[in-house]
Each structure stands twice: as structure tokens, then as C-alpha cells.
Amino acid sequence: NRFYTEIHPLTHRDEELRERFDRLKRQGAERMATFIELGQQSGHLRKEPDPTTAAVLMINALELLGAHVLQRPGSETERMLHELTDMFRRYLMEDR
């Protein structure tokens, strides 16, 4: 929480900080893409979504939800998290 309220705004003014943040975000997306790919290979996740694209979409959606929660605490947070989780599930998983 503190990151978004205090540090994240500085990334717009500090190029070195922005590059570090972007690098961390890329590394997180790469890790998540690896997990998605492993899920696809094991048959637990759909084969169609590109793992890297799916990871980036999910990370950005979670980041936006986090920013929304910080700006408007208690404003339908639970429902929004439930809807986002359901969206991820339908995007990645086969109907069984």
C-alpha cells in the first residue's frame, strides 16, 4: 500500500526509479507467464492464451484494482475482486 501512495508517483519524475519499477514489473510478468505456461503444459489451463500476454493483462488489471482500492477504500472492493478473479478463471481455465 505504501508503495502506491508514496513511491509509485515518483516514477513519473525519476527515470531511474521508473526503469527499476518497469524491470520489476517485467520480471513479475515473466514469472507469471512461466506459471501459466506450466499450467498449459499440464492441461490445467487453456492452451489458447499467450502466456506473456495473459500475465501482462493480469498484472495490469490487479495494479488498477489496487490503485482503485487505495483511492476509494471500501468502494465495492470485495465485489470487484470477485469479478476480476472470475474473469481470470474464465480466461485461463477450460470449462469442465
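Residues numbered from 1 in each chain as written. Predicted model: local features only at pLDDT ≥ 70, side-chain atom pairs only at ≥ 80, totals over all residues. Heavy atoms only, no water.

J.: Which residues make up the overall build of the protein, and what are the values?
T.: Across its full length, the protein holds four helices and zero strands. The principal-axis extents of the C-alpha atoms in the protein amount to approximately 45 × 35 × 15 Å. Residues classed as buried in the protein amount to 23% of the 96 residues present. In the protein, the proportion of contacts linking residues at least 24 apart, taken out of those at least 6 apart, comes to 52%. Summed over its atoms, the accessible surface of the protein is roughly 7300 Å², and 56% of this surface lies on carbon and sulfur atoms. Of the charged side chains in the protein, 15 are positive and 17 negative, and the gap between their average positions amounts to 2 Å. (Helix = DSSP H or I, 4+ residues; strand = E, 2+ residues; numbered from the N terminus. Buried < 20%, exposed > 50% of the residue type's maximum accessible area, 1.4 Å probe, protein only. Contact = heavy atoms within 4.5 Å. Areas by Shrake-Rupley, 256 points an atom, 1.4 Å probe, with all protein chains shown as cover. Lys, Arg positive; Asp, Glu negative; His and termini not counted. Charge placed at Lys NZ, Arg CZ, Asp CG, Glu CD.)

J.: An account of the pattern of salt bridges is requested, with residue identities and associated values reported.
T.: Inspection of the entire model under this criterion finds five salt bridges. With its nearest N and O atoms 3.2 Å apart, the salt bridge here joins Arg46 to Glu48. Residue classification places Arg46 among the partly exposed positions, given a relative accessible area of 22%. For Glu48, a relative accessible area of 55% translates into the label exposed. (Salt bridge = Lys/Arg side-chain N within 4 Å of Asp/Glu carboxyl O.)

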